[in-house]
Every structure is written in structure tokens, then in C-alpha cells.
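Topology and contacts: notes
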Amino acid sequence: MTTILDSLIGLAVIVALFVILSRQRKRLDRVERELAALRGLVLSGVPATGAATASAKTKETELASAQPDAEPETLHEVADAAVAEQAGAPVPGPWAKVPAMATAVSTETTPPAQAETERQETPAQSAAPTPKARDIETALGTRWAVWVGGLALALGGLFLVRYTIEAGVFGPEVRLAMAAVLGLVLVGGGEFIRRTGFKMPVEGAASAYIPAILTAAGAFVLFGTIYAAHAVYGFIGPTAAFLLLGAVAIGTIALALVHGQALAGIGLLGALATPLLIDTQSRNDWALFGYLAIVLAAAGFVARIRAWTFLMTAAFVGIGLWTLLYVGQAPDPDYRILTFAGLVTLAVLAFAWLGRAQTGQGGFDLPSTAPGLFIGLSVLALFYAPALAGTPAMWTGVLLIAAMLAVALYRQPALALVHAAGATAVLVFLGVVPFVAFYPDFGGDFFIPGQGMEPLFDGAVIDGGIMLRLGAVLCVLFLAAGLWSARRLAAAVPAWAATWAGWAVAVPLVVVLTLWVTYGNIDHDYFYAAIAALLVIVFVAGSEWIARAEQPPLAGGSAVCLALIGAGLAALLFLHMAFGSGLTTVLAAAAVVVPAVATRKRSWPVLGWLSVGAAVAVLARVAFDPTIVGADALSRTPVFNWLLPGYGIPALAFAASAWQLARTTAGRPRLAMEAAAALFALLLLAMLVRHAMHGGVIDDGALTLAEQAIYTLITLGFAAILVSIDMRSPSSVLRYGSLAIGVLSVASIAGSHFLWLNPLFTDESTGSIPVFNLLFLAYLLPAIAAGLLALYVRDKRPKWYSAMLALTAALLAFVYATLSVRRFFKGEYIGLWSGLGQVETYSYSALWLLLGVVVLAIGVRLGSQVLRIASAALIAAAVLKVFLFDMSELEGVLRALSFIGLGAVLIGIGLFYQKLLTSAARRSGEPAT
């Protein structure tokens, strides 16, 4: 018994301290601002003790008499307005219009000379000194004393009951009667003080409203007395205790109308805790939720009258928590109780809370988020909780979703219900997909992390026909409500119109997709394809319908964009449901032209981005299956197989889309389509080459040097094509695309041609034909292509780009010549491990020197510093080889010839450079350097 009282006392202390601390900071800040303003007026010369102060006190007294329950801030705003009205100072808050009107009238009646003098004196009077620290004495005496006193009264009543129990002074009946009388006296005292015209004569002490504090203390004492009478002594049964505690709680909420929001919070807390305090053997869930409905309605009407957002939110959260507790703890939960709780919550939201005139058609209503969250959880429980799931429960879940949409339609600020209804519907139907859904086992221990998680659906628990009918109802609801609301709000609140349109698109798409994946034929399903086609028509028609209601009409706002995006996604679903993999890829690629052509009628940027989205979908489809129709179905006929239309038609469609967008909306979508067209053209050539070189099997076999050489030639040629097109029709995509492809080609050459696939390291056969062999294909042809590209892009691309290509061409030519010499000595296989002969070693030195001279001549002829530097590198390599390798490996005449040839070449190069510099100096008239 003592433990129970200790717990109750501790709970009361915690609640009281929370209320005190939550209001303390706000009140102290208010006092500081008011004292600073009044002190500034006094020091600036305004007679604050005269008519202004009297007027302020009179208005404050009148308001307090008329509305004793008004918030303290309201009283002081009136006082501030009156003082400022006399002083000519700016008036804060909603009372600013009153002094402004008074100033206007006084200006009209004041002579011009006097008005000018007053205007000149205004800056001096407006200067106010820095406010002093808050008056601690006033705060302690007027507010803290009252707060602590109220807490002491509440605890005193509880301690009185405890003392009489321990001391045995009176019998249990007398003790409880005394406690009840004390509680009633406190409540009556608070009401008496309020009715006798209690006022706060001290500035800043309004927050210490004594009637409210006395009433709160009395409520605490009454709660403790009734609970002790039931739980400790058993004088009253559970039903009587339940009714008495509920009556006290609801009465406290009602008294909050005249005593403030804090008292309402105390009453709400007591009302919600009442069922937990009563231990009854006969469970009556309907009585419980009937009582909670009454509490919620009472809190809703009180919150509506006083516009108390926090109270309304707390009431919704409390009912929601009780609902979850019921689902988790009830041995046999009834879906009708969940439906009743949800409908009552929505009714209070729509008719009690959002019925207040202050909200009207205003902004977003924050308390609406709580009903949306908890009703959504209830709907999920109705579908998938083992103790609740069943056909009737599912239909009532759909009813709750429809009710949320209805309230959101009826009360515009309840936009949170739209999000809640949409998210709930999406989660419900995602639950039928076996590999994405999980649910908590509501029938087990409640709120225990890590327990009760198991797969939600195995495809046979819920009949597909039931889910299809439920999905059809939800689709119609969201389409009708969403598109109609989007049109209604398109001109006034575009963001809210987009919200409605977004869920009108998302829910039907998710419903159709999940039902098709779970119950339909994943390869061909004409039933779901027809539904997807119908959605395309509805979304397109809806976008046009919404656009005509915009201001200006046909502006293509966010709601229209979302509807068109939904149409594009539904079109992709239709193609995949109705056709096989090959036709899906080809038709989806051809569909990118449709939005581009539509820009002729509607210049909406979203249409171009729809083309881009379709291109991305085609790219993803190709990445998933590069063979287009599957490896088994792909023909082995070169060129004329599914690869040609699978990659060629997308390239042509993307190019056509880019061409059309360039003549209408242009912008970034056009650039993206140009890039996509270029990419698929390159992929077409690469895939056809691989198909031909691997006997029609493109996903098997290791990459060879010959195949890689063809890819290199394709990419270099493609880079040249992009440069050529960019010269005729400038485009940043073509410009940067040509740079990117050139860089990738050089990187591929460096990695594949020089290292990984080099026949010197792999010992791959170079072929039996003397000239036209693997070395010719892999090194000489790419060298010529890179050199020609470097020459073509000079003055068209950055210098580093042409220099990179020229250097790559020189290195390819060097490797080709070197490997050709080795092939001459070694034959078809030139692997490094076959060793080196002396004549072969000498040949490399002579070759490198010759190549250096040739490259030098070409560099001088073309004026290319890069080639001249490359020649220097070749000659330096030859010098190092002669001195470091030939000196030790060669013998006899070959060693001598190596050094003689090196010396002759170096002297010749020196003479060449001297002649070149001398000629240059003569032409410029300056000494040679």
C-alpha cells in the first residue's frame, strides 16, 4: 500500500515539475522583454505613469474580467499596445493596427509645425538603453512561490492520506473522505478566486495564475483518493472507480477552458491513465474504447475552442497508443474495435478540431499527422496481423483508408492524411510480394525488438481475387480523389496539388505492379497489360485536365509533371507485360520519340525528361540482358540477328528524339538523348564485332587482342564522328563525349594493347601471314587511327587532347615496329620467354634509332612538339639500351656497329638541330640560342 502511494506521489511530482519547467523559460523571457520596453519608454521621456499606463491597466482589467482564462501573453499585448499607442512606439503583435490608426488620426488633426517638431524629436525618443537583468525578487515572490505552493498543496493532500494510514488516526473511510474534501476544496477555491475577479497587479506575474494551480492541485488529490479507494481499500469496484476517475479527468479538461492549457494536459493525462489504474477481471474492450472516444471528443472540443495544438496532438497520440496496445495485448482482438477507434479519431479531427474558424482553408495542420500514423498502423494490422487478418478485416482496412481520404478532401489542412493513406495502401500491397515484406508478430510479446519477425506472404495466404478487388477499389479512390483535388488546387496551392497527384499516380502503379508480380504471368499477361494501358490513358487525360485549371493555363506545373511521369511508368509496365524481352526493348526505345513529338503541342520540360527516363529504362534493360532476347534465342548469323534492332533501333530513336527536342524545348534532355544515341551506336558496333568473333556467343569466351583492337578502332572512329558532328551542330554533349571517348580509348590501349593482351606476354598467335597479321590489326591500324584523329582535332579540341592522341600513336607505332622485328626472328609466337639473339638485340637498337629520326622529321614537318619529344624519348631509350645492354650482351662486330651507328645518329641529330636553329635565327634577326 505504501509503495503504491509512493509511486503515485512520484508521478505527481514528475508531472508538476515538467509543467513548471516547460513554462518557466517562456515566462521569464516575456518578463525581460516587457521590462526592457517599459524602462526604455520611461528613460526616453514618455510619461508611462500617466494616461498611457492608466489606459493600459484599464484595458488589461477589462480583458481579464471578460476572459479570465486568456493566455498571459494576450493581456500583456493589450497593455503594451496601450502604452505604445500613447508613446508613439511600434506596437507588437496583432494590436499593431490600433496604434497605427490612432497615429493616422492624430497626424490629420495636428498642425503642420507641431507635427514636424514631433517628427524631429522621434529619433531621440526612440533610443532606449540596454535593459537591466530580470527582477529575481519579483519572479520568486509572484510566480515561483505560486507554482511551488500549488505543488505543495497537491503533495500535501497525498501525504495526508499516507500519514493517516501509517498513524492510524482515523479509519479508512474518514481518511478518504478528508482527502476528497481537500481536493474539492482546492477545486472550489480555484473557481471562487477566479469568479471573484482575481487579477495580477504585478507586471510579468500573469503566468502564475493561482486559480489554475489550485484546480490542478485539487485534481491530483481527487485522482489519488479515488485510486486509493479502489486499489488500496477496495471500497468501490472497478466500474465505479473507472467512472469516477474518468469524470474527474473529463471535468479537469472542461475546467481548462477557464484555467489554461496546462490544466487540460493534466486532465488528459489522468483520463488516458485511468484504464491502466483500474484492474478488472471482466474485460470489456467496447467500454474501454467508448470511454476513450468520450475523452478524445472532450479534448477535441476544448482544443478547438482555445486552438490548443499541443493538447489535440497529445490526445490523438494517446488514443493511437491505446489502439496499438490493444492489438498487441488483447487475446482475441476484434477488427470492429479498431475500425471504431479509427473512425472516431477521424470524426473528432474533421468535426471538432478542424471545424474551428481559425483554421479555415489555411496551412498544414500538424496534429493531423498523429491520426494518420496510428490509423495507418491499424490498417496494416487489419491486413496482416494473424489474429485479425481476414476478408472482413481487409475491407474495413480499405474503409479506413477511404475515410482518411474523405477527411483530407473535406478539411484541406489535413494534408497529412493523404500521405498516411497513400503510404498505407502502398505498404499493404507491397506485403503481397514475398521477397520484400515482413511484419511484426502482433500476437506475441509487444514491443520486443528482434522477435516475431517472419515472412509476410507466401502467395497463397490471401486469395488473388480478393486482393484484386481491394486493389481496384483503392485505385479508383486515389485516382478520383487525387486528380480532382490536384485540379482544384492547381492554381491556388500547387505544392498541395502535386501531393494529391503524386499519390494518385503512386498507389495505382504499386497496386498493379505488385499484383502482376505475385499473381500474374511474369512473361506475358494481357490482363494486367490492359490495366496498365488504361492507366496510361487516365494519367495523360488527367494531366491535361489539371493543366487547364492552372494559372496561367497549361503551365505544366508539378502536378502535371507527376501525372505524366505516372503515364510514362505505366507505359513501360504495359510494354513489359504485353511483349517479350526483344520487343520490349525495341518498343520501349521507340517510345522515347512520343514525348519528344508531344513537345510540338505542349512545351513542357517534363516531356523531354520522359524521353530521358525511357532511355535510362532501355539502358537498364540492355544491361540486364545484353543479348536482347536471351543467349539461347540469339541467332548466330553475323550482323543480321536480334543485336541489330536491339541496339540499332534505340540509337536511331534516341537520335530522332534529340533532333525533335532541339527544335522545341532543347535544354538538357536534348543533350542527354544525344549522348544516349552516341552510346548505343557504339554499343551496336561493339556487340556485332563480339558476336561475329565468338561464333554468335557474346557472353562466352575470353577477350582477345584482335577483338579488343576492333573495339579500339571503333571508339577512335566514333570520337572522330562526334567531333565532326559537333563542328556542324555545336553541343556540349558531343564536345565532352568526344573527349571522354578519346580518353577511354587511350586508357584501353595502355591497359590492353600494351600490357594485358600483349602477345609478348600472352604468347598469343600473331598469325601466319607476314604483314596482315594480328600485329597489323592491333598496333599499326590503331596507330594510324590515333594519329589521324590527333591531326583532325588540332585547333578543335584542347591541346592536351591532341597531344595525348599523338603520343599514343607514336607509342603504338613503336610497339608495332618492335614486335614486328621480334616476329621476324621468332615466327608466329613471340612470347618473351623464348629468349633474345645477338642479331635480334642489335636490330632493336638500329630500329629505335631509325624510328627516333623518322618521328623527329615528322614532328618538325608538322610543327608538333609532342612528336619531337617522343623522338627524343626513343633516341634516349636507344642510348640506354646500347650502353647498358648491348655493351654486355653483344660481342665482336655487332657491339662495334651498335656504338658506331649510335654515334653517327646522334651527331647527325646535333647537326640537324644546329642548322634548324641557325635558320630560325636568321629569319628572326636574333642570335641563335
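Predicted model only: the values in this text are computed from it and were never measured.

1. Description of the overall build of the protein
- The helix and strand tally for the protein stands at 33 helices and two strands.
- Entry remark: accessible area of the protein is about 43700 Å², with carbon and sulfur atoms responsible for 69%.

2. Points about the pattern of salt bridges
- Applying the stated criterion to the full structure yields six salt bridges.
- Here Arg-602 and Glu-544 are joined by a salt bridge, their closest N and O atoms 2.7 Å apart. With Arg-602 in the loop between helix H22 (593–598) and helix H23 (605–624) and Glu-544 in helix H19 (residues 526–547), this residue pair connects regions lying 58 residues apart in the sequence.
- Among the charged side chains, a salt-bridge network with shared partners connects Glu-544, Arg-548 and Arg-602.

3. Focus: a nonpolar patch on the surface
- On the surface, Leu-755, Trp-756, Phe-761, Leu-832 and Trp-833 cluster together into a nonpolar patch covering about 630 Å² of accessible area.
- Locating Leu-755 in the fold gives a position in helix H27 (residues 732–756).
- Using a relative accessible area of 48% as the deciding quantity, one classes Leu-755 as partly exposed.

4. Notes on the packing of H19 against helix H20 (residues 558–578)
- Following both chains from N to C, one finds H19 and H20 inclined at 165°, their axes separated by 8 Å at the closest point. With respect to H20, the axis of H19 lies roughly antiparallel. Both H19 and H20 take part in a crossing whose hand is left-handed. Contacts from Tyr-526, Tyr-528, Ala-529, Ala-532, Ala-533, Leu-535, Val-536, Phe-539, Val-540, Ser-543, Ile-546 and Ala-547 of H19 reach H20 at Ala-559, Val-560, Ala-563, Leu-564, Gly-566, Ala-567, Ala-570, Ala-571, Leu-573, Phe-574, Met-577 and Ala-578.
- Looking at the contact of H19 with H20, its residues break down into 22 nonpolar, two polar and no charged.

5. Here's the deal with H19
- Between its first and last C-alpha atoms H19 spans 31 Å; for 22 residues at 1.5 Å apiece the expected length is 32 Å, and the two agree.
- Among the residues of H19, those classed as buried are Tyr-528, Ala-529, Ala-532, Leu-535, Phe-539, Gly-542, Ser-543, Ile-546 and Ala-547. The buried residues of H19 occupy an angular sector of 145° when projected down its axis, which confines them to one face. What points out from H19, more than 90 degrees from its buried face, is the exposed set Tyr-526, Leu-534 and Ile-537.
- Close packing links the buried residues of H19 with helix H17 (464–489), helix H18 (494–519) and H20.
- By the N-cap criterion, in which a side-chain oxygen at the helix start approaches the backbone nitrogen of a residue two or three places on, H19 is capped by Asp-525, the distance to Phe-527 being 3.3 Å.

6. As for the packing of aromatic side chains
- This structure, assessed with the given rule, holds twelve aromatic pairs.
- Where Phe-772 meets Phe-776, the ring centres are 5.0 Å apart and the plane angle is 70°; that geometry is what we call edge-to-face.
- Ring pairing ties together the aromatic residues Tyr-647, Phe-654 and Phe-680, which thus form one cluster.
- When the ring centre of Tyr-736 is taken as reference, the NZ or CZ atom of Arg-735 above it lies at 5.2 Å.
- The ring of Tyr-792 is capped by Lys-796, whose NZ or CZ atom sits 4.6 Å from the centre of that ring.

7. Here's the deal with the packing of helix H21 (residues 581–590) against H23
- As a packed pair, H21 and H23 sit with axes 9 Å apart at the nearest point and diverge in direction by 155°. Comparing their axes, H23 and H21 come out roughly antiparallel. By crossing handedness, the relation of H21 to H23 is classed as left-handed. Contact residues: Ser-581, Thr-585, Ala-588 and Ala-589 in H21; Ala-614, Val-618, Arg-621 and Val-622 in H23.
- In terms of residue class, the contact of H21 with H23 is made up of five nonpolar, two polar and one charged.

8. Thoughts on the environment of Val-433
- In this fold, Val-433 is placed in the loop between helix H16 (416–430) and strand S1 (438–440).
- Relative accessible area serves as the criterion here: at 7%, Val-433 is assigned to the buried category.
- Remark: the alpha-carbon pair of Val-433 and Trp-516, spanning 83 residues in sequence, is separated by 9.8 Å.
- Apart from the residues within four sequence positions on either side, Val-433 is in contact with Thr-514 and Thr-518.

9. Thoughts on unusual backbone geometry
- Here Gln-551 and Pro-552 are connected by a cis peptide whose omega angle stands at -5°.
- Along the chain, the position of Pro-552 falls in the loop between H19 and H20.
- Positive phi, normally seen in glycine, also occurs at Ala-307, with a value near 55°.
- One can find Ala-307 in the loop between helix H11 (285–306) and helix H12 (309–329).
- For Asp-795, which is not glycine, the phi torsion reads 70° and is therefore positive.
- In this fold, Asp-795 is placed in the loop between helix H29 (774–792) and helix H30 (799–826).

10. Focus on the side chain of Asp-525
- By secondary structure assignment, the location of Asp-525 is in the loop between H18 and H19.
- Look at Asp-525: it is buried, it has no salt bridge, and the nearest opposite charge is Arg-469 at 16 Å.
- Engagement of the side chain of Asp-525 in a polar contact is seen with the backbone nitrogen of Phe-527, the distance being 3.3 Å.
- Setting aside chain neighbours within four positions, we find Asp-525 in contact with Trp-516, Gly-520 and Met-577.

11. Description of the confidence of the model for the protein
- With 66% of its residues at a pLDDT of 70 or more, the protein shows a mean pLDDT of 75.
- Confidence drops under a pLDDT of 50 for residues 199–208, and excluding neighbours within four residues, the segment shows 30 contacts in the predicted structure.
- Below pLDDT 50 for its whole length, residues 436–461 participates in 39 contacts with residues either more than four positions away or in separate chains.

12. Details of the environment of Gly-863
- With respect to the element layout, Gly-863 can be found in the loop between helix H31 (838–862) and helix H32 (865–889).
- Setting aside residues no more than four positions away along its own chain, Gly-863 makes contact with Arg-794 and Arg-868.

Cut-off values and rules
- Residues numbered from 1 in each chain as written.
- Predicted model: local features only at pLDDT ≥ 70, side-chain atom pairs only at ≥ 80, totals over all residues.
- Heavy atoms only, no water.
- Helix = DSSP H or I, 4+ residues; strand = E, 2+ residues; numbered from the N terminus.
- Areas by Shrake-Rupley, 256 points an atom, 1.4 Å probe, with all protein chains shown as cover.
- Salt bridge = Lys/Arg side-chain N within 4 Å of Asp/Glu carboxyl O.
- Patch = residues over 30% accessible without salt bridge, like charges linked within 9 Å, V, L, I, M, F, W, Y side chains within 5 Å.
- Buried < 20%, exposed > 50% of the residue type's maximum accessible area, 1.4 Å probe, protein only.
- Axes fitted to C-alpha atoms, helices over the stretch in contact; angles between N-to-C directions.
- Parallel < 35°, antiparallel > 145°, perpendicular 65-115°, else oblique.
- Left-handed = near helix turned anticlockwise from the far one by under 90°.
- Contact = heavy atoms within 4.5 Å.
- Nonpolar A, V, L, I, M, F, W, Y, C, P; charged D, E, K, R; others polar.
- Expected span 1.5 Å × (residues − 1).
- Arc of directions from axis to C-beta.
- Polar contact = N/O pair within 3.5 Å; in protein donor to acceptor, adjacent residues only side chain to side chain.
- Phe/Tyr/Trp six-rings, centres within 6.5 Å; stacked < 30°, edge-to-face > 60°.
- Lys NZ or Arg CZ within 6 Å of the ring centre and 35° of its normal.
- Lys, Arg positive; Asp, Glu negative; His and termini not counted.
- pLDDT = per-residue confidence, 0-100.

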